[in-house]
Every structure is written in structure tokens, then in C-alpha cells.
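These are the residues of each chain, in order.
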Amino acid sequence: MSGAEGGWLSVAGREVRVTNLDKVLYPATATTKADVLQYYLAVAPSILPEMRDRPVTRKRWPDGVEQKPFIEKNLPRGAPDWVPRMTQHHTGQRSGHEGRDLDYPLVDDEAVLVWLAQSGALELHAPQWRVDRATGEPLAPDRLVVDLDPGAPAGLDACAEVALATRGLLVADGLVARAVTSGSKGMQLYADLGDGAEAVHDAGSESDYAHALAARLEAALPALVVTRQARDLRPGKVLVDWSQNNPAKTTIVPWSLRGRERPTAATPVSWTEVEAGGLVQRTLAEATALAEGGS
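Quick caveat, the model's predicted, so the values are computed rather than measured.

What counts as what
- Residues numbered from 1 in each chain as written.
- Predicted model: local features only at pLDDT ≥ 70, side-chain atom pairs only at ≥ 80, totals over all residues.
- Heavy atoms only, no water.
- Axes fitted to C-alpha atoms, helices over the stretch in contact; angles between N-to-C directions.
- Helix = DSSP H or I, 4+ residues; strand = E, 2+ residues; numbered from the N terminus.
- Parallel < 35°, antiparallel > 145°, perpendicular 65-115°, else oblique.
- Left-handed = near helix turned anticlockwise from the far one by under 90°.
- Contact = heavy atoms within 4.5 Å.
- Expected span 1.5 Å × (residues − 1).
- Buried < 20%, exposed > 50% of the residue type's maximum accessible area, 1.4 Å probe, protein only.
- Arc of directions from axis to C-beta.
- Polar contact = N/O pair within 3.5 Å; in protein donor to acceptor, adjacent residues only side chain to side chain.
- Salt bridge = Lys/Arg side-chain N within 4 Å of Asp/Glu carboxyl O.
- Pairing = 2+ DSSP bridges.

A. A look at the packing of helix α1 (residues 33–42) against helix α3 (residues 110–118). Running from N to C, α1 and α3 point in directions that differ by 155°, and their axes come no closer than 9 Å. Of the possible angle classes, the one that applies to α1 and α3 is roughly antiparallel. Read as a crossing pair, α1 and α3 show a hand that is right-handed. Contacts from K33, V36, L37, Y40 and L41 of α1 reach α3 at E110, L113, V114, A117 and Q118.

Rendered as C-alpha cells:
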């Protein structure tokens, strides 16, 4: 890594310009931009497969997490021409507002990952579908996501209970789920879709299946699960957010950092850990150790 003022970093056969490496992005822990870049390089072997061929939306805190962030979909002017991209047309939703084409980055290697982190893109979000690299068109979703969002005083222990119930329903439908703590408050479960996911296909769409699954969980655990976003229904319960399966929605990428007061990351957890309870949101250091094979 270059000096505090920055320089050029040789990554994956590219020279990536890095600047202001001593800038503090997480004041509560004095975590700098250099620390963030080192984190993303450390977890690159784990995070890159999660993003492969998925257009990435970034949530950026260029001046640190105590400042207001902004969401960036389109590649900014000056983006290196070696950053792969896919163009997606967005239709205007307001009357008189025309749609436009947006160029999303595709994060193929460590060079693109470092370039994003250099811009203050602490959070990386992606949809449940991939891009056909030959045509540039979206493919059918290749995974289902179940987002578990606790309302205080419910927390990760409540999410773990709902996650175990969700796993049972998914297994009965022929789907194998993996669990990820979100790095924020809750968890996500991911199930790969394939030719055997007949229950999902029979439901009509991934979103329809997820909606029905959430309703089944609410019926089975009425004291713990809620499926509607209304604030007055949320306290003490876990929202099963089925809407994340809409093709227009994105979910935090596993291994991404979060732009919270302290640097935490979305990280996989084993079902043994979920069953044991006592889950926590892993810190940057803990996520680094996990990715590198540590404890």
C-alpha cells in the first residue's frame, strides 16, 4: 500500500490510483481508507464470486460514516475504461420523467474492487440475477433471498429462530439455504435456484414464492414473524422481507462492509452457529480473519 497521500496500486494487472489513504472513514474506531482497501483485498477471494456477473449498486461515504451517504448506480465520469459494465434501461416512474440508460459496474477482479473502495463505496449491493455477458441482457434469477429484519427489542436470536423455521420450509420444497448475517441488524438466507426448484417455478415467480413463504412463516410463528412493513407491527418481531426478490431490488453482498458507526460486515454463518444462538454482527477484523481461515 502506498503512503498516506496515496499513489498507484498494482492490482490484478492494473494500476489503480488511490488517494487520501489516511482519511478516517469510521471515526469511532479510527478506521481509515487504507484499512478499508486492505479489507476488500483480504476478502476478495470470498466476495468476488458473490458479485460475479451481477451489476453492483454502491452506497458511498467518501467523507466517512458520520456524513450523509449517497447511492450510486451509474458509473461516474472518469471511470477507468477497463471497468466492465452492463447497460440497463430504467423507465421513468414519475409523469413526464423520461427513462434513461445506466451503466453498472461488473466487479470481475480485485482491481475493480479496489477502485470502488477507493471511491468510498463501503456498501456493495447486487440483485438476485446475473448478466449474460454475451448479450449484456439480464438472465433469470439464479437465487432466492429471504431477508430477516428484526424490530427492537428483537435481535439476531429472534432472526436465528425464524431462519431455522425458514430452512425447514425451504428443504421441504427442495431448496438448500445458506445463512448470512447482514452486518447491520438482521440476516439473509440464500437458496440457489436450479432445475430442481419446482416449488419456485410453480409459484409463478421468485417474488411470488417468497411472498407465499413469508405468509407460511407468519402463520406458523405469529408471535414472532410479520410480513408487512407497517411500523406499528414491527416491534419485537422479525420482518420477513420477501420483496428483495423483485428483479429491481438489490441486497447487501455477502462480505460487504456496512456504513454504520463501527465497521461491521455481512458474513456467512454456519447452521451450527445459527442453531447455537448468540450470533453477532462480525467486525471488519473478525470478517477478515474468517475470510483468511482464522477464527
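B. Spatial organisation of helix α6 (residues 206–220). Here α6 is 15 residues long and its end C-alpha atoms lie 21 Å apart, about the 21 Å a rise of 1.5 Å per residue gives. Among all positions of α6, only E206, S207, Y209, A210, L213, A214 and L217 are buried. Taken around the axis of α6, the buried residues stretch over an arc of 155°, which confines them to a single face. Contact partners of the buried residues in α6: β10 (143–150), α4 (156–172), α5 (198–203), β13 (225–226) and β14 (238–241).

C. Fine view of the side chain of S182. Relative to the elements of secondary structure, S182 occurs in the loop between β11 (177–181) and β12 (187–192). For S182, a relative accessible area of 4% puts it in the buried group. Within the structure, S182 has its side chain in polar contact with the backbone nitrogen of S184 (distance 3.0 Å). Not counting chain neighbours up to four residues away, the residues in contact with S182 comprise M187, Q188, I252, R258, A266 and Q281.

D. The arrangement of the pattern of salt bridges in detail. Applying the stated criterion to the full structure yields 15 salt bridges. Put simply, E123 and R258 hold a salt bridge, and the shortest N to O gap is 3.1 Å. Residue E123 is located in strand β9 (residues 121–126), and its partner R258 is located in the loop between β15 (251–252) and β16 (267–269); the two are separated by 135 residues in the primary sequence. Neither E123 nor R258 differs from the other in exposure class; each is buried. A cluster of three or more residues bridged by salt bridges with shared partners is formed by E50, R143 and R178.

E. Quick look at the pairing of strand β1 (residues 6–11). Pairing between β1 and strand β2 (residues 14–19): six bridges, direction antiparallel. What sits directly across from G7, in β2, is V18.

F. Local environment of the sheet that holds strand β6 (residues 70–72). Read from one edge to the other, the open sheet built from four strands follows the order β6-β5-β9-β15, with strand pairing classed as antiparallel. Of all strands in the sheet, those bounded by a partner on one side alone are β6 and β15. The pairing of β9 with β15 spans two bridges and is classified as antiparallel. For A126, the partnering residue across the bridge sits in β15 and is T251.

G. Examining the environment of E66 more closely. The residue E66 is located in the loop between β5 (57–60) and β6 in this model. Between the alpha carbons of E66 and R260 there is a distance of 8.7 Å; along the sequence they are 194 residues apart.

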